[in-house]
Amino acid sequence: MELLKEKIRKEGKIKEGNVLKVDSFLNHQMDVELFSEIGKEFAGRFAKDQVNKILTIEASGIGIACVAAQSFHVPVVFAKKTQTKNIAGDVYTTKVQSYTHGRIYDIIVAKEFLGKGDRVLLIDDFLANGKALEGLIALVEEAGAELVGAGIVIEKGFQTGGDMLRKKGIRVESLAIVESMDEATGQIVFRENGRSTG
Ligand code: 5GP
């Protein structure tokens, strides 16, 4: 998606630890008009998949998932991060390792909001090593729902998540795939054909 790549080139900042900061339009201040274009792009790519629910993870996925949901006309469920030691009862739960903090935390979704018969599209802002998506996939499986695929705004193609998920046959649609980024020069190179299917 050219508009998005242009925005990343202009405003993206490369930080230590292979972190790309896009706080000016995605992760802090949010460019809602760009989000709207991103939502339409996801809706086009998954138009034939009868998505009836979008699943994301708090916090940074929520904004983009909500705007995308307006193009799909479906509700958004976000997996909550929780510190609670004894999680039991009416929730699906799994563990996820945070890319930016390194910590492992529990995520939960209430059973009443995800179940058999749901056709679920995962949406997230970034794909790095795939831990967040793996966690969401585990919740979808636990719920007996059907996974349609994942829509990602920015994939870091030089990290392992995208390949790992596609090898498992999961359809991952990333709107911008960063092939390499150089902290010293600030140069960001994108993969040319950003469209990939599992
Ligand atoms: P993964 O679980 O695929 O390793 O990492 C994805 C999650 O970590 C995303 O939900 C995102 O919040 C965060 N993340 C990973 N890499 C980056 C990055 O380069 N920049 C930002 N802003 N977030 C990232």
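It should be noted that the structure appears before, not after, this text.
The paragraphs below set out a description of the structure included in this document.

## Quick look at the packing of helix α1 (residues 2-11) against helix α3 (residues 32-45)
To characterise two packed helices, one gives the angle between the axes of the helices and the distance between these axes. Contact geometry of α1 with α3 gives a least axis separation of 10 Å together with a crossing angle of 140°. Judged by the inter-axis angle, α1 sits oblique to α3. Between α1 and α3 lies a crossing whose hand is left-handed. Of the residues in α3, those in contact with Leu3, Leu4 and Lys7 of α1 are Leu34, Glu37 and Ile38. Within the contact of α1 with α3, the residues separate by chemical class into four nonpolar, no polar and two charged.

## Concerning the sheet that holds strand β9 (residues 172-181)
Pairing is mixed across the open sheet formed by eight strands, whose spatial order is β5-β6-β4-β3-β7-β8-β9-β10. The strands lining the two open edges of the sheet, one partner per strand, are β5 (91-97) and β10 (188-190). Taken over all neighbouring pairs, the strand axes of this sheet differ in orientation by 30° on average, direction set aside. When strand β8 (residues 146-156) meets β9, the two strands line up parallel, connected through six bridges. Bridge pairing links Ala150 to Val172 in β9. Across the sheet, α3 touches β7 (119-127), β8 and β9, and the angle it forms with β9 is around 120°.

## Things to note about the pattern of salt bridges
Side chains that carry opposite charge are capable of pairing whenever their charged atoms lie near each other. Evaluation of the coordinates by the stated rule reveals 17 salt bridges. The closest approach of N and O atoms between Lys95 and Asp106, which form a salt bridge, is 2.9 Å. A residue pair is termed long-range when its members are at least 10 positions apart, and Lys95 in strand β5 and Asp106 in strand β6 (residues 104-110) qualify at eleven residues. We classify Lys95 as exposed; its relative accessible area is 57%. Across the pair Glu146 and Arg119 runs a salt bridge whose closest N-O atoms are separated by 3.7 Å. Of this pair, Glu146 sits in strand β8 while Arg119 sits in strand β7; the two residues are 27 residues apart in sequence, bridging distant segments of the chain.

## Some remarks on the site of the ligand
Surveying the vicinity of the ligand reveals 16 residues, the closest of which are Leu20, Asn129, Gly130, Ala132 and Lys156. Here a nitrogen atom of the ligand sits 3.2 Å away from a polar atom, N or O, in the side chain of Asn27. Take Ala132: an N or O atom from its main chain is 2.8 Å from an oxygen atom of the ligand. Considering the ligand on its own, with 500 Å² of exposed area, one finds that the protein chains cover 90% of that surface. Elements that contribute at least two residues to the shell around the ligand include exactly β2 (19-21), β7 and α5 (131-143). Sorting elements by how many residues they give to the shell around the ligand places β7 first, with four residues. Residue composition of the shell around the ligand, grouped by class: seven nonpolar, five polar and four charged.

Cut-offs applied
Residues numbered from 1 in each chain as written. Predicted model: local features only at pLDDT ≥ 70, side-chain atom pairs only at ≥ 80, totals over all residues. Heavy atoms only, no water. Axes fitted to C-alpha atoms, helices over the stretch in contact; angles between N-to-C directions. Helix = DSSP H or I, 4+ residues; strand = E, 2+ residues; numbered from the N terminus. Parallel < 35°, antiparallel > 145°, perpendicular 65-115°, else oblique. Left-handed = near helix turned anticlockwise from the far one by under 90°. Contact = heavy atoms within 4.5 Å. Nonpolar A, V, L, I, M, F, W, Y, C, P; charged D, E, K, R; others polar. Pairing = 2+ DSSP bridges. Salt bridge = Lys/Arg side-chain N within 4 Å of Asp/Glu carboxyl O. Buried < 20%, exposed > 50% of the residue type's maximum accessible area, 1.4 Å probe, protein only. Near = heavy atom within 4 Å. Polar contact = N/O pair within 3.5 Å; in protein donor to acceptor, adjacent residues only side chain to side chain. Areas by Shrake-Rupley, 256 points an atom, 1.4 Å probe, with all protein chains shown as cover.

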